[in-house]
Amino acid sequence: MSSTSNHKHTAILDAAYELFGSGGFYETKMSEIAVQAGIAKGTVYLYFKSKEELFMAVTRRDCEGFLQQLQEKLKASDTLAGKLSIIAKHHLYYYYERKRHTKLFFRAPNNNPELVAYMTLFMEEYMQAVVKVLLEGGVSEPELMAQSYIGMLDRLKMDILFDPSFKEEDAYKRAGFAAGLFIKGAMDYLNLGQDDRPVE
């Protein structure tokens, strides 16, 4: 892809991200994306055959960026507590940065099997990244721990998406709280004797 072609491709993705995020998939027209990107409508179709294909490309770029950035950030710590704190901050700040683009999540194409399959794959890759951190930290039951941690962070993200008054410092406060609570809870659980653990 030439530099000009690459520039147009990026401009289309940026415009689609902005409009899908603020208006929703069904409400956004390809002609509006073209105007936002500063190119002709026909040019958009040279890169993406349909609005669904364009939405997939926007989603894929966003999710791949999320995972790549997380891996880079994790290099900054060599402790379990530090890495779990990084994961919490990354997770919640990701949604804080998208406060104005919540319709990327809630007004996406319905029943699109390709999108469902991709998001399933993304969530599995994310979970395995957390599992790897927990394994390296010597935690038992790493998959259950990872599911629990991501589930906790996912609940906290809802405040970010639905509370208009939510501030950046609120995201960091919740990230610190979640990481501290999870680390203490996980360590307490692992240190309990078998007889003291909840009945399964």
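Residues numbered from 1 in each chain as written. Predicted model: local features only at pLDDT ≥ 70, side-chain atom pairs only at ≥ 80, totals over all residues. Heavy atoms only, no water.

Per an unreviewed UniProt entry, the chain carries the name TetR family transcriptional regulator and comes from Paenibacillus odorifer.

**Some words on the overall build of the chain**
As a reminder, the rule being used: By the criteria applied, helices consist of DSSP H or I runs no shorter than four residues and strands consist of E runs no shorter than two, each listed in order from the N terminus. Relative accessible area decides the class of each residue, using a 1.4 Å probe on protein chains only: under 20% of the type maximum gives buried, over 50% gives exposed, and in between gives partly exposed. We call two residues contacting when some pair of their heavy atoms lies within 4.5 Å. Accessibility throughout is a Shrake-Rupley quantity obtained with a 1.4 Å probe, and a residue counts as covered only by protein chains that appear here. Only four residue types enter the charge count, namely Lys and Arg as positive and Asp and Glu as negative; His and the chain termini do not. To locate a charge, take NZ of a lysine, CZ of an arginine, CG of an aspartate or CD of a glutamate.
When helices and strands are counted, the chain shows nine helices and zero strands. Reading the chain from its N end, one meets helices and strands in the order α-α-α-α-α-α-α-α-α. The dimensions of the chain, computed from C-alpha atoms along their principal axes, are 70 × 35 × 35 Å. The 200 residues of the chain split such that 42% are buried. At a minimum sequence separation of 6, the contacts of the chain that also span at least 24 residues come to 70%. A total of about 11300 Å² of accessible surface is found on the chain, and carbon and sulfur atoms cover 54% of it. Put simply, the chain has 24 plus and 27 minus side-chain charges, and the middle of one group is 7 Å from the middle of the other.

**Details of the UniProt feature "domain: HTH tetR-type" (unreviewed entry) in the chain**
In plain terms, the rule: UniProt positions are given in the numbering used here, feature names are shortened, and annotations may be inferred rather than shown by experiment.
In the UniProt entry, the feature "domain: HTH tetR-type" (unreviewed entry) is given for residues 6–66. Between the first and last C-alpha atoms of residues 6–66 the distance is 21 Å; the span itself is 80% helix and 0% strand.

**Quick word on the environment of Y126**
Structurally, Y126 can be placed in helix α7 (residues 113–136). For Y126, a relative accessible area of 1% puts it in the buried group. Along the chain, Y126 and A146 lie 20 residues apart, while their C-alpha atoms are 9.4 Å from each other. The residues touching Y126, leaving out its near neighbours within four places in the chain, are F66, L67, L70, I87, H91, I150 and L153.

**Quick notes on the pattern of salt bridges**
Rule in force here: The working definition used for a salt bridge is a side-chain nitrogen of Lys or Arg within 4 Å of a carboxyl oxygen of Asp or Glu.
In the structure shown here, the tally under the stated rule is nine salt bridges. Put simply, D62 and R98 hold a salt bridge, and the shortest N to O gap is 2.8 Å. On the criterion of sequence distance, the pair formed by D62 in helix α4 (residues 51–74) and R98 in the loop between α5 (80–97) and α6 (103–106) is long-range, its members being 36 residues apart. Exposure class is identical for D62 and R98. Each is buried.

**Examining empty space enclosed by the protein**
As a reminder, the rule being used: The pocket and cavity definitions rest on a 1 Å grid over protein atoms only: a 1.4 Å probe that fits but cannot leave marks a cavity, an open set with protein on both sides within 12 Å along at least five of seven lines marks a pocket, and residues lining either have an atom within 4 Å of a point. Grid points are joined across faces, edges and corners, and a volume is the space filled by probe spheres set on the points.
Enumeration over the complete set of coordinates arrives at one cavity of 30 Å³ or more. Within this model, the largest cavity holds a volume of roughly 30 Å³. Around the largest cavity, the lining residues are L80, L84, L134, V139, M145, F182, I183, A186 and M187. Elements that contribute at least two residues to the lining of the largest cavity include exactly α5 and α9 (168–191). Of all the elements, α9 adds the most residues to the lining of the largest cavity, at four residues.

**Thoughts on helix α2 (residues 30–37)**
Residues spaced three or four apart along an α-helix face the same direction, because each turn holds 3.6 residues. Note the threshold: The arc refers to the directions leading from the helix axis to the C-beta atoms.
Of the positions making up α2, those classed as buried are M30, I33, A34 and A37. Buried residues in α2, looked at end-on, bunch into an arc of 100 degrees, giving them a common side. At its buried positions, α2 is contacted by α1 (3–23), α3 (41–47) and α4. Immediately downstream of α2, the backbone of G38 shows phi near 75 degrees, a positive value.

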